[in-house]
Every structure is written in C-alpha cells, then in structure tokens.
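Architecture and fold: a report
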Amino acid sequence: MDLRAKLGLHFKKSDKPKVKKQDQQINELIYESINQEYQLSRLLPGKMVESDLGEFLLVEYRYPIDYFHGRINLGGLVSEEMSALCGVLKKPNMVCPKDLQNLIFLDTETTGLAGGAGTFAFLIGVGYFEEDEFVLRQYMMEDYHQELAMLDALLSELFKYSHLVTYNGKSYDWPLLEGRFIYHRIKEDFSPIHIDLLHPSRRFYKRRLERCNLGSIETEILDFKRTNDISGSEVPALFFRYLDQKDGRILLPVFQHNHWDILSLVTLIIHLIQAYLNPEDELHCPEDIFSAGKIYEDLGQVDLALKCYTQTLQQENASYFKQEVMKRLSFFYKRLGKMEEALLIWKELMESETNLQLYPYLELAKYFEHQCKDYQNALQMTEGAMGLVVKNRKLYSKIKLIELQNQLKHREQRLLKKIRKDF
C-alpha cells in the first residue's frame, strides 16, 4: 500500500471540517449585498423594463445637438444635405432620408466575433435625433432568458425609422439580429434602407489608412481618441465573467465602448456627407482628395472629378503617387475625348526619369497609328517601350517579360509593314 492510500485511510470523509450553516448564510447575504450594490441599473442611468415577455435593462443618455464628439458636433448636419448620402454610398437611385429624424444608428456587442447560431447580441446600442436632442439607448440582457423581451422592445423602436446606420452592420450586426428574431419567432417586417458606413469610409480612406476599422477612422479622421477602451475581442469574455459573478463593474467598459461607437457613427456620417459636398474644405490629404475624385468619376460628375484630380497634382506628392494620379487623369481625359490633355500627360510621363510605366509609350503609339496615321512616330514610341522593358527587365517575371517583348515585336512588325506600304 502506497503513502497516498495510507493517508486516505487515516483521514476519513467524516473528519473533514464542516462549514457552519450560519457562516454559509452570512456569506450568501454578503454576496447578495455586493451584487445589489454593483447592479448595472445602479451603476448606469438605467432601469429594468418589464413586459409580458420578461424584463431587460434599458440605459438612456440625452445629448444636446451642439455636443462635440471629437471635432464634430452632433448637430453638424442639416436635413437639406441628406440627399448627398446617395453620392456618399454611390447609390444614385437610393431613397434618401428626408431629415435626421429618419435615421437610427445601431451597434451590437456580442458573445462571439464569428457570428452564427450560438452567438447572442447581449448589448445593443441605438441612437436617434429627437427634436433638439440626440438620444442614445442601450438595451441589455443580463442573462439569456431576457433576450426575447429585449429584442421585442428593440424592434418596436426600430420600426419608427426608415434608415438604419451601422458600421459593418450589413455583414455582421444586422444578420445576427435577424437570426435572433427568427429564433424567437418574432415577426420581423422591418426592412430599412441600410446605410453601412464601412464601405464609403474605405472608398475615401483606404489609400491612406492601413486599416479602416471604426477605431482608426475615429483617431485619424474624426479626431476622437478613446481612453482606457477595450478591444472588441475582449467583450465576449467580459460578458461570460459577468454571468458568473453578477458584478456590474465588469461590464462598464463594454457599455462605454458601445456608447462611443454610436456617437462615432453620428459624427462619421456627418463628416462623410461634408467630405462629399465640400472635399476642398473637409479633406486635407492628397490621397483623400484623389479618392474623392474617383468617387465623382464613378458617379459621372466630370467637373468635380477633374477638380479633385488636378488639385491632387498641385500638391507635393511622392513620385509613385503622382504618377498614379496622372495615369488616372489621363485615361479620364481619354474617355471624355479630351485627347490633347491626355497627350500632354503621357508625354510628360514618358520624359520623366523616374517613369517605369509602359502605358504612356503604348497610348502614344496607338494614338499616332490609329488617329494620326503617323506610323513613324508610332514606331518610335514602340521602340521606346521595347527599350524600357529591356532596361527594367528585372521588374518582370520571365513569362511576363517574354509576353511583353512578343507583343511589342508584333506591333513593331505591323508598323514596319504599314511604313513600307506607304512607300
């Protein structure tokens, strides 16, 4: 018999110390007192809301519309500017909101980041304009049995608005909520016009920012810096810890995180509309102005696109970026039939010592061959392209190098035939 077995015989179960019933009751009272003191409804401006379906926590804040979040105040938009959303979203046929009161802003905090059937939105923040105030509400289920009552109340609020504003909500927040509505068999006839600000933010800022998540947009664009914030990846663990301990202090950072998200949605939509309407005043980096030009170009707003492109070229830019802008502008001129302007850009690029692009030579070769019937100049441009390929052959893979040389050789032979035919 080993030592562990001998000790097992020596210390019987009956010999273990017992917790006195009175001490256990005292411990339970202390634990309950702590829980009551740190209930979320006491720590936050909220209350428990009861309905036939159960109860949930509702937290509410009210801001005057002259309140600043970062460098932008919540009332920095007038109803007359709402039509610009069609341009911001690149959806000319979208029904735009008539005024600010048609918008509801939404963001969720969930039990998992991957989504799916087992993921719950335990905290749902919404915001909307009401007369001269901005109302921010947070719907919270303190345990799973409160989800139905919370979702039912949330949907009743959403029905009042025609346009839903989120950040990446089309891919995550709204599909998740729709799944929970279906799970609880809630008749969800709410079909808002969804304004997902992630996509226009990327169109304006992906050239300059490494990441276009809301946090980066806040810091770099909206001039709002969070202090003592948590990351979205920390949220699920904090909720599960709260379920275990029922200490509301655990979730306070989550409420603050969600709170900031809602306010940033408001100031971001204001900024994007102002950037679209007045890029010269609102955008200060050449990369952003260039991106605005691309948006205008895609929407067929020729004058505004040209204005942004030329303004970008007037600023000091890195050589590679300047060449990219010139390329975009030259092909834009070509599509507009403004060949003289396009030709000037191609000639300038071709004569630049830093140019590594073939297209100026090829575009000039095509122009001389097909429009001017000037085969000698077309041949000269083709030979210039062949020389550039040889000079920079290390930039190409072996297959690409052979492909380019064959294409240029074919063009050269065709032009030589045309020259001989003329003689």
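Residues numbered from 1 in each chain as written. Predicted model: local features only at pLDDT ≥ 70, side-chain atom pairs only at ≥ 80, totals over all residues. Heavy atoms only, no water.

**Overview of the overall build of the chain**
Within the chain, the regular secondary structure consists of 18 helices and 9 strands. The principal-axis extent of the C-alpha atoms belonging to the chain is close to 115 × 75 × 40 Å. Split into buried and exposed, the 423 residues of the chain put 45% on the buried side. Long-range contacts, defined here as pairs at least 24 residues apart, represent 65% of the contacts in the chain between residues at least 6 apart. With an accessible surface of roughly 23,100 Å², the chain has 50% of that area assigned to carbon and sulfur atoms. Measuring between centres, the 55 positive side-chain charges of the chain sit 10 Å from its 61 negative side-chain charges. (Helix = DSSP H or I, 4+ residues; strand = E, 2+ residues; numbered from the N terminus. Buried < 20%, exposed > 50% of the residue type's maximum accessible area, 1.4 Å probe, protein only. Contact = heavy atoms within 4.5 Å. Areas by Shrake-Rupley, 256 points an atom, 1.4 Å probe, with all protein chains shown as cover. Lys, Arg positive; Asp, Glu negative; His and termini not counted. Charge placed at Lys NZ, Arg CZ, Asp CG, Glu CD.)

**Notes on the packing of helix 12 (residues 286-298) against helix 14 (residues 319-336)**
Contact geometry of helix 12 with helix 14 gives a least axis separation of 12 Å together with a crossing angle of 20 degrees. Relative to helix 14, helix 12 is oriented roughly parallel. Of the two possible hands of crossing, helix 12 and helix 14 adopt the one that is left-handed. Touching Pro-286, Glu-287, Phe-290, Lys-294, Glu-297 and Asp-298 of helix 12 are Phe-321, Glu-324, Val-325, Arg-328, Phe-332 and Arg-335, all from helix 14. Partitioning the contact of helix 12 with helix 14 into residue classes produces 5 nonpolar, no polar and 7 charged. (Axes fitted to C-alpha atoms, helices over the stretch in contact; angles between N-to-C directions. Parallel < 35°, antiparallel > 145°, perpendicular 65-115°, else oblique. Left-handed = near helix turned anticlockwise from the far one by under 90°. Nonpolar A, V, L, I, M, F, W, Y, C, P; charged D, E, K, R; others polar.)

**A look at the state of the cysteines**
Counting across every chain of the model gives 1 disulfide. No disulfide involves Cys-212; its nearest neighbouring cysteine sulfur is the one of Cys-285, lying 13 Å away. Owing to a relative accessible area of 12%, Cys-212 belongs among the buried residues under this scheme. Accessibility expressed as a relative area gives 24% for Cys-285, which makes it partly exposed. (Disulfide = S-S within 2.5 Å.)

**Quick word on the nonpolar core**
General note: in soluble globular proteins, nonpolar side chains tend to be found buried as a group. Core analysis: the biggest nonpolar cluster contains 84 residues, and Phe-105, Phe-134, Tyr-167, Leu-197, Tyr-205 and Ile-269 have the highest contact counts within it. For this core, the leading source of residues is helix 10 (residues 252-277), giving 11 residues. Counting residues in hydrophobic clusters, the runner-up holds 44 residues, among them Phe-56, Leu-151, Trp-174 and Leu-177. (Core = buried A, V, L, I, M, F, W, Y, C linked by side-chain atoms within 4.5 Å.)

**A word on the pairing of strand 1 (residues 46-51)**
As paired strands, strand 1 and strand 2 (residues 54-64) are joined by 6 bridges and run antiparallel to one another. What sits directly across from Gly-46, in strand 2, is Val-59. Between strand 1 and the antiparallel strand that follows it, strand 2, lie 2 residues. (Pairing = 2+ DSSP bridges.)

**Side note on the side chain of His-69**
Along the chain, His-69 falls in strand 3 (residues 68-69). Side chain to side chain, His-69 and Ser-264 meet in a polar contact 2.9 Å long. Apart from residues lying up to four places away in sequence, His-69 is in contact with Phe-224, Trp-260, Leu-263, Ser-264 and Thr-267. (Polar contact = N/O pair within 3.5 Å; in protein donor to acceptor, adjacent residues only side chain to side chain.)

**Re the pairing of strand 5 (residues 103-110)**
Within strand 5, 8 of the 8 residues are buried, which leaves it mostly tucked inside the rest of the structure. By the bridge criterion, 3 bridges tie strand 5 to strand 8 (residues 163-166) in an arrangement that is parallel. Note on strand 8: the bridge partner recorded for Phe-105 is Val-165. Bridging between strand 5 and strand 6 (residues 121-130) involves 7 bridges; their strand directions are antiparallel. Bridge pairing links Thr-110 to Ala-121 in strand 6.

**Some words on the pattern of salt bridges**
Tallying each qualifying case throughout the model produces 27 salt bridges. Of the charged contacts in the structure, one is a salt bridge between Asp-223 and Arg-71, with a shortest N-O distance of 3.6 Å. Linking Asp-223 in the loop between helix 8 (214-222) and helix 9 (235-245) with Arg-71 in the loop between strand 3 and strand 4 (72-73), this pair joins segments that are 152 residues apart in sequence. Looking at Asp-223, the relative accessible area reads 46%, which means it is partly exposed. (Salt bridge = Lys/Arg side-chain N within 4 Å of Asp/Glu carboxyl O.)

**Concerning the confidence of the model for the chain**
Predicted confidence across the chain gives a mean pLDDT of 90, with 91% of residues reaching 70 or more. In the predicted structure, residues 11-17 sits below a pLDDT of 50 and forms 1 contact with residues beyond four places in sequence or in another chain. (pLDDT = per-residue confidence, 0-100.)

**As for the sheet that holds strand 2**
With respect to topology, 7 strands assemble into an open sheet ordered 1-2-7-6-5-8-9, the strand pairing being mixed. With one partner strand each, in any of the chains shown, strand 1 and strand 9 (193-196) form the two edges of the open sheet. With strand direction ignored, the average angle separating the axes of adjacent strands in the sheet is 25 degrees. Where helix 9 meets the sheet, it contacts strand 5, strand 6 and strand 7 (133-140), and its direction lies at approximately 70 degrees from that of strand 5.

**Section: unusual backbone geometry**
Negative phi is the rule for most residues except glycine; trans is the rule for most peptide bonds. Phi angles above zero are rare outside glycine, and Asp-223 is one such case at about 55 degrees. Positive phi, normally seen in glycine, also occurs at Lys-373, with a value near 55 degrees. Look at Lys-373 and you get exposed, because its relative accessible area is 52%.

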